[in-house]
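One-letter residues, chain by chain:
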Amino acid sequence: MAATQEAGYHGLKKGENPNQWSNKQADIDDDHVYIDNHPVMEGWELPYQKEIAAVATRKGGKVLEVGFGMALSATAIQTHDIEEHVIIEANEAVFKKLQEWAAKQPHKVTPMFGLWQDVVSTLKNNDFDGIYYDTYPNNEESQHIHQFDFIKQVRRALKPGGILTYCNLTSLGVLRPRYDSEGSDEAAWAKLFEETQKPHLLACGFSEDEIKEYSIFGPLAPPRSCAYYQHESLLIPVLEKKIRPCP
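Since this is a predicted model, take the numbers as computed values, not measurements. (Residues numbered from 1 in each chain as written. Predicted model: local features only at pLDDT ≥ 70, side-chain atom pairs only at ≥ 80, totals over all residues. Heavy atoms only, no water.)

(A) Spotlight on the packing of aromatic side chains. For the structure on display, the rule yields eleven aromatic pairs. Note on Trp-116 and Tyr-133: the rings are 6.4 Å apart at their centroids and 85° apart in plane angle, and the pair reads as edge-to-face. In this pair, Trp-116 is assigned in helix H4 (residues 116-119) and Tyr-133 in strand E7 (residues 128-133), connecting sequence segments 17 residues apart. Tyr-133 carries the same exposure label as Trp-116, and that label is buried. Aromatic rings pair up to connect Trp-44, Tyr-228 and Tyr-229 into one cluster. Taking NZ or CZ as reference, Arg-155 lies 4.6 Å from the ring centre of Phe-206, over its face. (Phe/Tyr/Trp six-rings, centres within 6.5 Å; stacked < 30°, edge-to-face > 60°. Helix = DSSP H or I, 4+ residues; strand = E, 2+ residues; numbered from the N terminus. Buried < 20%, exposed > 50% of the residue type's maximum accessible area, 1.4 Å probe, protein only. Lys NZ or Arg CZ within 6 Å of the ring centre and 35° of its normal.)

(B) View of the side chain of Lys-62. Note that Lys-62 resides in strand E4 (residues 62-66). With near-sequence residues (within four places) excluded, Lys-62 lies in contact with Glu-84, Val-86, Asp-127, Phe-128, Asp-129 and Gly-130. (Contact = heavy atoms within 4.5 Å.)

(C) Highlighting the sheet that holds strand E1 (residues 26-28). Pairing is antiparallel in the open sheet, where three strands are placed in the order E1-E2-E3. A strand with exactly one partner marks an edge of an open sheet, and here the two such strands are E1 and strand E3 (38-42). When strand polarity is set aside, the average angle formed by the axes of neighbouring strands in this sheet is 15°. Strand direction decides the pairing type here: E1 and strand E2 (residues 32-35), joined by three bridges, are antiparallel. The residue of E2 that forms the bridge with Asp-27 is Tyr-34. Running at roughly 40° to E1, helix H3 (residues 92-102) makes contact with E1 and E2 of the sheet. (Pairing = 2+ DSSP bridges. Axes fitted to C-alpha atoms, helices over the stretch in contact; angles between N-to-C directions.)

Okay, structure coming up:
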């Protein structure tokens, strides 16, 4: 696909109130989740979601997932050796699917309904061994940065030595084509990460040594009909909260 500034999804509305997300109409089937006619998730993501689930569960224990979607990553997380799987979901229709799914899983699932902005303050300090964030931006203003607001607030809930990873395809689908001129996929992702991700992660309170080497996953084959992503590889960021020595 020829890279243009118009690549990716540009259908988000300015000034949309996140509090309205819970009761927006959801179209859910085995191929996709659309909410308020926005493309939230599609089935082609499955290989990537399996890979990022493996990162989030690297330390086992208690795992927090934000955004349920089609249960692609949630189902993958359940295949790993974990103790508890906490899932935050803000849309009522999707949350109902989550409750039905949770009852059938091999590991304990704790569904939590609400916007992460409302739920995150209720989480205990140093409670999670792994965290995976993959929600949909509620408006145009948050398209490229909503994950960082979450990361800043949830850092305290991650155990020392715990792993945090995140996904924002609605952002990367726009950003990645802007770096095609770098000459290689690796160079493009490297510059994208340095310019659009790392400064925010540092501002969230993660130090240089806590921002681990990201991986590039592929090849992927999103269908031409996918409105939000048309690239053959994807970024998997890895943050590991440092274990501070006792004074």
